[in-house]
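# A structural walkthrough
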Amino acid sequence: MPGQESVKVAVRIRPMSQSELARGCQTVVKQATPNFPHLLVGNGRTPWHPFAYNYVFPPSALQSQVYEEAISPMLHKLFAGYNATILSYGQRSSGKTFTMGTDFIGEMDSNVGVIPRAINEIFCLIADGTEAAVALVDTRITCSFIEVYQDQVYDLLTENAIDIERHPVNIREAAGGNIILEGLTEVPVNDKQCALDCLTRGSFGRASRNPAMNNVSTRSHAIFTLTMHHTAKDDPTMVTHSKFRMVDLAGSERSKKTKSSGSRFKEGVEINKCLLALGNVITALGSSVRSSKGHIPYRSSKLTRLLQDSLGGNSYTLMIACVSPTDYNLSDTYSTLRYASQVRTIKNKPIINQDPPQARIKQLKAIIHDMREEILSLKKDEDKKLGAPQHGNAGLTSSTSPSYKQLQEENRLLQLQLQAKMQELEANEIRVTSADRFLEDIEQLLKPQGKAGVPKDEMHSKLAALLAREKRSKKIEECWHKLQQLETEVADLFRPSVRIASEQAKLKEEDAKRIAGNLERIDINEPFELGRRLAATLAEWRNLTEGNTHDQAVMRRAEAACWVWQIDKVMFSTVKAMVPLFKLQNERAEKVKHIEQIKAQCARLQEGSAKHKKLRRQILQNETDLEYSNTQINDLQTNILATCSESLPKIIDDRLAKLPDGSKVFNRILIKLVEASAFIIVA
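Overview of the structure. Computed from a predicted structure; not experimentally measured.

### Topic: the overall build of the protein chain
Per the secondary structure count, the protein chain includes 20 helices and 18 strands. Counting all 683 residues of the protein chain, 39% fall into the buried class. In the protein chain, once contacts between residues fewer than 6 apart in sequence are set aside, the share between residues at least 24 apart is 72%. A total accessible area of about 39100 Å² is found for the protein chain, and carbon and sulfur atoms account for 54% of it.

### Focus: the sheet that holds strand E5 (residues 49-52)
Spatially, the 3 strands line up as an open sheet ordered E3-E4-E5, and their pairing is antiparallel. Each having just a single partner strand, strand E3 (29-31) and E5 make up the two edges of the open sheet. Pairs of neighbouring strands in the sheet enclose a mean axial angle of 30°, with direction left out of account. As paired strands, E3 and strand E4 (residues 38-41) are joined by 3 bridges and run antiparallel to one another.

### Here's the deal with a positive patch on the surface
A cluster of like positive charges, contributed by Lys611, Lys613, Lys614 and Arg617, occupies part of the molecular surface. With respect to the element layout, Lys614 can be found in helix H18 (residues 610-643).

### Describing the environment of Ile598
Along the chain, Ile598 turns up in helix H17 (residues 557-604). Along the sequence, Ile598 and Leu615 sit 17 residues apart, while their C-alpha atoms lie 6.7 Å from each other. Apart from the residues lying within four places of it in its own chain, the contact partners of Ile598 are Leu615, Gln618, Ile619 and Asn622.

### Things to note about the state of the cysteines
Under the counting rule described, the total for this entry stands at 0 disulfides. Distance from the sulfur of Cys198, which forms no disulfide, to the nearest cysteine sulfur (Cys143) is 3.5 Å.

### Topic: the packing of aromatic side chains
Applying the stated criterion across every chain yields a total of 6 aromatic pairs. Ring centres of Phe51 and Tyr53 lie 6.3 Å apart, and the angle between their planes is 15°; on these two criteria the pair is classed as stacked. Given the relative accessible area of 10%, Phe51 is considered buried. For Tyr53, a relative accessible area of 3% translates into the label buried. Between Phe145 and Phe224 the ring centres are 5.3 Å apart and the planes differ by 85°, which places this aromatic pair in the edge-to-face class. Residue Phe145 is located in strand E8 (residues 137-149), and its partner Phe224 is located in strand E15 (residues 221-232); the two are separated by 79 residues in the primary sequence. Across the pair, Phe224 and Phe145 agree in class, each one buried. An aromatic cluster is present here, built from Phe51, Tyr53 and Tyr334 joined pairwise through their rings.

### Quick notes on the side chain of His221
Of note, His221 is situated in strand E15. In terms of polar contacts, His221 uses its side chain to reach the backbone amide nitrogen of Ala250, at 2.9 Å.

### Some remarks on the pairing of strand E17 (residues 316-323)
Summarising burial for E17: 8 of the 8 residues are buried, a large majority. Neither face of E17 is open: one carries Tyr316, Leu318, Ile320 and Cys322, the other Thr317, Met319, Ala321 and Val323, and all of them are buried. By the bridge criterion, 6 bridges tie strand E2 (residues 8-13) to E17 in an arrangement that is parallel. Its bridge partner being in E17, Lys8 is matched across the sheet by Leu318. Examined bridge by bridge, strand E7 (residues 84-90) and E17 share 7 bridges and lie parallel to one another. Among the inter-strand pairings, Gly90 is bridged to a residue of E17, identified as Cys322.

### Re the environment of Leu337
As for its position among the elements, Leu337 is in helix H11 (residues 330-343). With relative accessibility at 0%, the residue Leu337 sits in the buried group. Residues Leu337 and Ala52 lie 285 residues apart in sequence; the distance between their C-alpha atoms is 9.5 Å.

### Digging into H11
Over its 14 residues, H11 runs 20 Å from end to end, which matches the ideal 20 Å to within 8%, given 1.5 Å per residue. When we look at burial in H11, the residues that qualify are Leu330, Asp332, Thr333, Thr336, Leu337, Tyr339, Ala340 and Val343.

### Some points on helix H5 (residues 114-128)
With 15 residues, H5 ought to run about 21 Å at 1.5 Å a step, and its terminal C-alpha atoms sit 21 Å apart, in line with that. Of the residues making up H5, those classed as buried are Val114, Ile115, Pro116, Arg117, Ala118, Ile119, Glu121, Ile122, Phe123 and Leu125. A positive backbone phi angle near 70° is found at Gly129, which sits one or two residues after H5.

### So, the packing of H5 against helix H7 (residues 192-204)
Where H5 meets H7, the closest approach of the two axes is 9 Å, and the angle between their N-to-C directions is 160°. Considering their axes alone, H5 and H7 lie roughly antiparallel with respect to each other. Crossing of H5 over H7 shows right-handed handedness. Contacts between H5 and H7 involve Ile115, Pro116, Ile119, Asn120 and Phe123 from the first element and Lys192, Ala195, Leu196 and Leu199 from the second. Of the residues assigned to the contact of H5 with H7, the class counts are 7 nonpolar, 1 polar and 1 charged.

What counts and what doesn't
- Residues numbered from 1 in each chain as written.
- Predicted model: local features only at pLDDT ≥ 70, side-chain atom pairs only at ≥ 80, totals over all residues.
- Heavy atoms only, no water.
- Helix = DSSP H or I, 4+ residues; strand = E, 2+ residues; numbered from the N terminus.
- Buried < 20%, exposed > 50% of the residue type's maximum accessible area, 1.4 Å probe, protein only.
- Contact = heavy atoms within 4.5 Å.
- Areas by Shrake-Rupley, 256 points an atom, 1.4 Å probe, with all protein chains shown as cover.
- Pairing = 2+ DSSP bridges.
- Axes fitted to C-alpha atoms, helices over the stretch in contact; angles between N-to-C directions.
- Patch = residues over 30% accessible without salt bridge, like charges linked within 9 Å, V, L, I, M, F, W, Y side chains within 5 Å.
- Salt bridge = Lys/Arg side-chain N within 4 Å of Asp/Glu carboxyl O.
- Lys, Arg positive; Asp, Glu negative; His and termini not counted.
- Charge placed at Lys NZ, Arg CZ, Asp CG, Glu CD.
- Disulfide = S-S within 2.5 Å.
- Phe/Tyr/Trp six-rings, centres within 6.5 Å; stacked < 30°, edge-to-face > 60°.
- Polar contact = N/O pair within 3.5 Å; in protein donor to acceptor, adjacent residues only side chain to side chain.
- Expected span 1.5 Å × (residues − 1).
- Parallel < 35°, antiparallel > 145°, perpendicular 65-115°, else oblique.
- Left-handed = near helix turned anticlockwise from the far one by under 90°.
- Nonpolar A, V, L, I, M, F, W, Y, C, P; charged D, E, K, R; others polar.

Right, dumping it as structure tokens:
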């Protein structure tokens, strides 16, 4: 798996409510192109602002479509031992709780959210057992459900979860930096119905109100967690675990819209404080990606401490940004989309979560295996050194000659060295056998499926007796010294791999610098600036065209001149936006041709040679450049399509009929088209 994984973002646009339709609200959010994850935000009076994400779901998207496209692919990583997080964010009444499904009441239908669907699919995968990742492990699952209300953590699965005087849960930090909730209720679940019952029970205990913006609104941040423990079927000592967090954040709100006061106003203040702390963490993580340093304020609130692994830590994370399409909520929608764009810059580092004692045992077994291989190699070396005695040397006919006596003495010394080596090999074999037996005893004590309820004192006494018995053996002590020496040798063996890793990192850094140098030739922001200026020009032209609502057979001369000037401005803005696109397309064609030439050269060389490896590196570098070019071309095409969607020919034809000098204006437009073509050729 890659070392870093970007946080993915999905945007879901909710449909308008009946009250919004009755008030005549207008839509301010739309997809730039159908089935393409780009959005345009604006109200017609200002230029449309583009946004790009991993997924975009229009108001017509069903719950099943959102789940199958964005969430379902993440479940297989859980069985491999990776953590995963799904969190929803947005203003109040934007559809977060409906999307996540934390309001589940026990009935599975087409409108249930992400959490019930994920629970159902996880237990179906376990029961089916046909998937490769699921078939290799035995899985045991526990679930927990908490809420963060007024910056305090409360357990929703405890017996007194719905009491008025409930006690908050304390947050502790383990030695490895992991966050632990003291006294948290974790319920073992053996089937999906048990997990759904826990979700239903916790949903009834959440804090909620009836504000002015919607009928029922949750006043807390909810986190439903499935903890999965995996044991390999072919190796019971291989134990991994993963956590699946599903977070329903409370909505940001403005007191003028919610009309809240008193305790509800204080709740809104606390909600906004938590979301502000979360925004500061996201901003710090985004800036740390660019500057590679900086403090991340995780400790500024309880919510950010709980989400520390999900944002910038050990997890695959997906954020679902829920937005309202109405012009009444334009400022909140724009703020949510900018917030989601910052989240996309965050880099996580997901790793497989292994059980520490089992990992240590596996390491010791590998050391013993290396010792045995070393003993076998020493035996083979000694056998080769012995060889067969040589005969027939005509120069050694006399047993009393000095050279013959010298050879006999050397032969005797070699025999003594051989005997010493053989004794050392036998001693090493005895040490390995003793160490293997000692590890088996330790495994018996650390086995999780051993006797339940064994007191710690009894276990310590058994371990102390075992150590006392082993310490009496001088051979075991020597074996431990040998193991320590081997660990040092293993560390020395790992140094070349560290050097290779640093060289690879240096190569990646050189690739990044080279790509950045290529990107400097064409400014990435230039196409977007051109697109925005073109959109503004079209808006001015549209206002001028639509402003003439009265029926006129012939336009006035000043009005006609203004209209012709706007047509010229639209044409030149469109052409200027297309020039960078043509340049990028030409460069992409040259890169493809260059890659094909290098591949042809590489095919003629012997695989594994130095020149072959060098050409393969060049191919990989050019393919990386090609991916960046494709991304730029797609963004440019999207902006040009968004700004060129007006039916210009029909409108021009209608207006030419009303101009006082239609033929002259037509000639002027033809001249401008020729000038625009010349501009493209020169550029």
